[in-house]
Amino acid sequence: MAQVANLRYVDAMERAANISMTAWTDARPNDRARGSVRLFAAVLAASACLSAILASWLPLQVSIATVFLFAGPHNWFEARYFLMRLPARFGRSRNFFAVAFAGIFILTLAYVSLPLLYYANVWSGSNWPTAIATWNTLLLLWLGALVLMRGKQNSRRDWFWALPVTFALCALNWLAPDLFSLAIVYLHPLVALWFLDRHLRRTRPEWLRAYHRCLLVLPFLIMGMLWQLARAPSLSDDNGLFWRITQHAGAELLPSVSTHLLVSMHVFLELLHYGVWIVALPLIGATGAVWSVRTIPLARHRRGWPKLIGAVLVCGLFLVALLWIGFSANYAVTRDVYFAVAIAHVLAEAPFLLRMI
Amino acid sequence: MKRTILICAAGLLLIASAVFTFGDIARPKPSPEAGKVIFHTGLEIVPDAKVYEARLQISQQTLQRIREATANTSANQSVTQRIMASGPRTIMAGLFMFLAVSFAGVWLARSGQRRNQKIAAGLVLCMAVLGAAAIIVRANAGPPGSFYWKKLPDNLTKGESTRGGLDIEIVPGDEQIKLIVPMKGTKKPGEE
């Protein structure tokens, strides 16, 4: 009612003064939009800079704190996001999702069982690179299959290039499997930025340009960190936890690189990853109202399962709390267990990202 | 004809005997176990008239690093060494590379689009530029280690210090600490 009255008032004013108010009414939302874009870009750039500073200043401490605080919640937000992107009926994508879920399940199971089999003395440490190379090959072939299947869903796409690229990556993986795994550790956090890009493209196209400009800051931050920390003395990994953190960042594989640089770089990328999943995507509405199950197609559909979805999300919250309790009780062991199991969310990102391309 | 057969038989006999005569060649002596460079640092040689015994000063930080390096000698292999270490892995890599190149060819042939061919040409060009750049930047590499040690005799005569790079190498056996300094034109031990 108020809007109708306002429009009538504006119309009357236009007629009385014989001027067009269109330009004025359009100017206000444009200004607002420009302001919000600027705010978005400023927050993004400031967050990236702050993350780089914190990660470079206190790498081990920040690594411990961020994993403790954000590892669980970011997985919950990711799970919620994926549930939102999951169609209520698979339709033509049935095979795609069947391959995706089978791959996530089998690869996660294999990844988790690798250290268990090692500790059970099923194989010696000398076979470890071969085991890792085999797992990486399965991962690449699975990704290649998903890309080809996704490409076939649109007749205008020819994604056959995925096959030679997959095989070339398999070849690189067999040359240096441990370095290939390390590359996954460093590249995975950047996938979140791709998700944000795809989501902005759909929901806030006017922010996309500013976002891409902000992304240009990242190489400069990385180069700055390399310049500052390349000659920094290595971190003292005299206790089990610090040793685990430096090993996870690749200290053993890259012995000539300062562990300060490695850990800082990894923490910086992880902070970006957590920031996108916990702050950026929920703020732009990508995950819907966090408390509302109705934003999830599987729960909203007339033949859907709202109670099951609600229960899954509540169970997820319990798991987050359990992870915090685990970190409080024995941080080192919980961290190890978490990074082994967390491969599932790394794998789950692939099919959902492909669905958005 | 008979003569030809005899010559051929004699020739074959000669060739076959060559195989057996190899059995008389002494077994090659096993080459002494090569040392392994575990750490690279710097060294400064300082002549001092006040001291009566040669002294090797190592900072605590460097000592700590040497300890770490000796503890992880197996992990300190270069990327190339790691790749060369496993034959089966290299075979698998070759197999996948073969598949990659084959399917890339199939993709180019079946796409038949100028755009894809341009992408392929661009990739080849990029690889060529990277290769050329790798060759060029080698020309800009720093001088070899021997350059810094060249002035050592003169500096020792003048009583001045000399500074240069140093590889710490672990060698088998129980010998004294040995410092090998690169010098052009010096004779190897045992050479006259």
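Residues numbered from 1 in each chain as written. Chains lettered and ligands numbered in written order. Predicted model: local features only at pLDDT ≥ 70, side-chain atom pairs only at ≥ 80, totals over all residues.

## Quick word on the overall build of chain A
Then, number 1: The helix and strand tally for chain A stands at 15 helices and zero strands.
Then, number 2: A burial count over chain A gives 28% of its 357 residues as buried. (Helix = DSSP H or I, 4+ residues; strand = E, 2+ residues; numbered from the N terminus. Buried ≥ 20, exposed ≤ 12 C-beta atoms within 10 Å, placed from the backbone.)

## A closer look at the overall build of chain B
Then, number 1: A count of helices and strands for chain B gives seven helices and two strands.
Then, number 2: For chain B, the sequential pattern of α-helices and β-strands runs α-β-α-α-α-α-α-α-β.
Then, number 3: Counted over contacts in chain B with a minimum sequence separation of 6, partners at least 24 positions apart contribute 73%. (Contact = placed C-beta atoms within 7 Å.)

## Remarks on the confidence of the model for chain A
Then, number 1: Across chain A, the average pLDDT comes to 83, with 88% of residues at 70 or higher.
Then, number 2: Scored below 50 in pLDDT, residues 13-27 of chain A makes five contacts in the model with residues more than four places away or belonging to other chains. (pLDDT = per-residue confidence, 0-100.)

## Structural notes on the packing of helix α3 (residues 59-85) of chain A against helix α13 (residues 306-329) of chain A
All names here are of chain A.
Then, number 1: In the contact formed by α3 and α13, the axes pass within 8 Å of each other and the chain directions differ by 165 degrees. Compared by their axis directions, α3 and α13 come out roughly antiparallel. Two packed elements cross with a definite hand, and for α3 against α13 that hand is right-handed. Residues Phe 68, Ala 71, Gly 72, Pro 73, Trp 76, Ala 79, Arg 80 and Leu 83 of α3 form the contact with α13, whose participating residues are Ile 309, Leu 313, Gly 316, Leu 317, Leu 319, Val 320, Leu 323, Trp 324 and Phe 327.
Then, number 2: Taken together, the residues that form the contact of α3 with α13 break down as 14 nonpolar, two polar and one charged. (Axes fitted to C-alpha atoms, helices over the stretch in contact; angles between N-to-C directions. Parallel < 35°, antiparallel > 145°, perpendicular 65-115°, else oblique. Left-handed = near helix turned anticlockwise from the far one by under 90°. Nonpolar A, V, L, I, M, F, W, Y, C, P; charged D, E, K, R; others polar.)

## A short note on the interface of chain B and chain A
Then, number 1: Listed by partner, the interface residues are 18 residues for chain B and 18 residues for chain A.
Then, number 2: Mapped by element, the contributors of at least two residues to the side of chain B that touches chain A are α3 (79-85) and α4 (87-111) of chain B.

## Here's the deal with the environment of Gly 304 of chain A
All names here are of chain A.
Then, number 1: Note that Gly 304 resides in the loop between α12 (297-300) and α13.
Then, number 2: Accessibility expressed as a C-beta count within 10 Å gives 17 for Gly 304, which makes it partly exposed.
Then, number 3: In this structure, the C-alpha to C-alpha distance between Gly 304 and Arg 89, residues 215 residues apart in sequence, is 9.3 Å.
Then, number 4: Filtering out sequence-adjacent residues up to four positions away, Gly 304 remains in contact with Ala 88, Leu 298 and Ala 299.

## Details of the nonpolar core
Residues and elements named next belong to chain A.
Then, number 1: In this structure, Leu 196, Phe 268, Leu 272, Val 276 and Leu 281 are the most contacted members of the largest nonpolar core, which totals 34 residues.
Then, number 2: Mapped by element, the contributors of at least two residues to this core are α2 (22-57), α3, α7 (177-203), α8 (205-215) and α11 (259-283).
Then, number 3: Ranked by the residues each element gives to this core, the list is headed by α11, at 14 residues.
Then, number 4: Discounting residues that sit within four places of it in the chain, Phe 268 has contacts with Ser 51, Ala 52, Ala 55 and Met 225.
Then, number 5: Among the nonpolar cores identified, the runner-up in size contains 26 residues, and Leu 139, Ala 171, Trp 174 and Ala 176 belong to it. (Core = buried A, V, L, I, M, F, W, Y, C linked by C-beta atoms within 7 Å.)

## Structural notes on the confidence of the model for chain B
Then, number 1: Counting all residues, the mean pLDDT for chain B is 71, and 61% of those residues have values of 70 or more.
Then, number 2: Here the predicted complex scores 0.67 on pTM and 0.75 on ipTM.

## Quick look at the environment of Ser 236 of chain A
Residue and element names in this part refer to chain A.
Then, number 1: Turning to its location among the elements, Ser 236 is positioned in the loop between α9 (217-229) and α10 (240-248).
Then, number 2: The class of Ser 236 is exposed, set by 12 C-beta atoms lying within 10 Å.
Then, number 3: Taking C-alpha positions, Ser 236 is 9.3 Å from Thr 246, a pair spaced 10 residues apart along the chain.

## Describing the packing of helix α5 (residues 128-152) of chain A against helix α6 (residues 162-175) of chain A
All names here are of chain A.
Then, number 1: Their axes nearest at 9 Å, the elements α5 and α6 cross at an angle of 170 degrees. Put simply, α5 runs roughly antiparallel to α6. Mapping the contact onto sequence places Ala 133, Asn 136, Thr 137, Leu 140, Leu 141, Leu 143, Gly 144, Val 147, Leu 148 and Gly 151 in α5 and Ala 162, Leu 163, Thr 166, Leu 169, Cys 170, Asn 173 and Trp 174 in α6.
Then, number 2: When grouped by side-chain class, the residues that make up the contact of α5 with α6 number 11 nonpolar, six polar and no charged.

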